[in-house]
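Examination of the molecular architecture
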Amino acid sequence: MRLDVFSIFPQYLQPLELSLIGKARANGLLDLRVHDLRDWTHDRHRSVDDAPYGGGAGMVMRPEPWGNALAWLLQPQQCAEANEGAAPHLIVPSPSGEVFSQHVAKDLAAEPWLAFACGRYEGIDERVLDEARSLMKVSVVSLGDYVLNGGEVAALAIIEAVARLVPGVIGNDASLLEESHVDGLLEYPVYTKPAQWQGREVPEVLRSGDHGAIKSWRTSQALSRTAQRRPDLLAAASAKDFRLDDDDPAGKEAGNLKIAAATDADAGEILTLSLACWVPEGRAHDSFAIPALNETLEGVRAAVDQWPTWVLRRDGRLVGSVRARRAGEHWDIGRLMVAPDLQGLGLGRSLLRYAEQTAPADISGFVLFTGASSEANLRMYTKAGYQLLQRSEYQGVPTMELYKPNL
């Protein structure tokens, strides 16, 4: 990958000579060239700015130096060296741009040639961007909702985020797969030696050697951390289209469905749906001593934190939910529920299948509980391959524990 950076402070980019990015440059994986914009000025003061039209505070970067620099960049010789004759993708760091993200970094990492125009003062004359768009692809990118003195700091961050995704830059490519934002979640907590420090211990599961339990713990911790610190990421990143099983003929009637990891913000709706779904179960069993009917809002929030939980929405309305977690060698599935007016459309069976698919590969089987008088549930579970493991009671309510091997 080739990267060209234009700035009136080229020394700002010297950190790119260090660490993994510096090594990648030395090894020929990255061809990074930093240019002083003032080299394309033609007055004795090497001026790059002037007062803004319309008045106001600050100065604006003049179009001529930028136009000259971009014309040099687009010379046939430069294009032939960098991208087989094609123009670069120009990145303009600016607080008025699209917010930079890991997804954007991944897209940019696939480009063969990037150029960065680092503005200063009040920004670059807009005509420069308009002209550039007629010659090459242009993206205006922001690091976030704050203002810096110039584009160099943003360029440093963007270049490092992009370059580390170029094959070979990171020594162990597998380390890229479990980072924050890769799957839409923040990364789980990490620990190293010693096992005890200042009276604090590394979680026992991480020292157990049980890779399945470790994977489950890390998933749960990533969900919990994201829900606490960045709940906005859960809805945006984990929501995805939800398909019914192929043999459900009523699928079209279910409408536009999205499934996502539950957050604290979903707790109120989950509680409401629980009451709507389990009141009929209470009547069928002649008892309302069912856990789902006696849970509080705080209890639901605690459960969302302790159990990986998913919510199903239809055009924004929460219409279904299920949760699951490891219980030894088994995958414990619970609180499978579908809004009463949408039952019979295959949503429950598809949610069950979804919960099964979230299980770690080393799980030996799936376990769930249901009321002994829940005839519709028993039919669905039997059809899905579950068999009776044992009968029991909960506060006088007869229950059945069902099991299905993970084949």
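See above for the structure.
Cut-off values and rules
- Residues numbered from 1 in each chain as written.
- Predicted model: local features only at pLDDT ≥ 70, side-chain atom pairs only at ≥ 80, totals over all residues.
- Heavy atoms only, no water.
- Pairing = 2+ DSSP bridges.
- Helix = DSSP H or I, 4+ residues; strand = E, 2+ residues; numbered from the N terminus.
- Axes fitted to C-alpha atoms, helices over the stretch in contact; angles between N-to-C directions.
- Contact = heavy atoms within 4.5 Å.
- Buried < 20%, exposed > 50% of the residue type's maximum accessible area, 1.4 Å probe, protein only.
- Lys, Arg positive; Asp, Glu negative; His and termini not counted.
- Salt bridge = Lys/Arg side-chain N within 4 Å of Asp/Glu carboxyl O.
- Phe/Tyr/Trp six-rings, centres within 6.5 Å; stacked < 30°, edge-to-face > 60°.
- Patch = residues over 30% accessible without salt bridge, like charges linked within 9 Å, V, L, I, M, F, W, Y side chains within 5 Å.
- Areas by Shrake-Rupley, 256 points an atom, 1.4 Å probe, with all protein chains shown as cover.

Some remarks on the sheet that holds strand β6 (residues 113-117)
Overall, parallel pairing links the five strands, which are arranged β2-β1-β6-β5-β7 in an open sheet. At either margin of the open sheet sits one strand with a lone partner, and together these are β2 (31-36) and β7 (137-142). Going across the sheet, the axis of each strand differs from the next one's by a mean of 25°, ignoring polarity. Sheet strands touched by helix α6 (residues 152-163): β1 (2-7), β2, β5 (89-99), β6 and β7. Its angle to β6, the strand with the most contacts, is close to 165°.

Some details on the side chain of Arg323
Within the secondary structure, Arg323 is located in strand β13 (residues 317-327). Here Arg323 sits buried without a salt bridge, and the closest side chain of opposite charge, Glu295, lies 4.7 Å off (N-O distance).

Points about the packing of aromatic side chains
Enumeration according to the criterion identifies four aromatic pairs in this entry. Through successive ring pairs, a cluster of aromatic residues spans Phe6, Trp40 and Trp72.

Considering a nonpolar patch on the surface
On the surface, Phe9, Tyr12, Tyr146, Leu148 and Val153 cluster together to form a nonpolar patch covering roughly 440 Å² of accessible area. Along the chain, the position of Tyr146 falls in the loop between β7 and α6. What makes Tyr146 partly exposed here is its relative accessible area of 46%.

A word on the pairing of strand β16 (residues 387-394)
Bridge count for β16 against strand β17 (residues 397-405) is seven bridges, and the pairing is antiparallel. The residue bridging Tyr394 from the neighbouring strand is Val397, located in β17. Between the end of β16 and the start of β17, which pair antiparallel, lie two residues, with Gln395 showing a positive phi angle near 50°.

Focus on the environment of Ser392
Mapped onto the elements of the fold, Ser392 is located in strand β16. Expressed as a C-alpha distance, the spacing of Ser392 and Phe369, which sit 23 residues apart in the sequence, is 9.8 Å. Setting aside chain neighbours within four positions, we find Ser392 in contact with Val397, Pro398 and Thr399.

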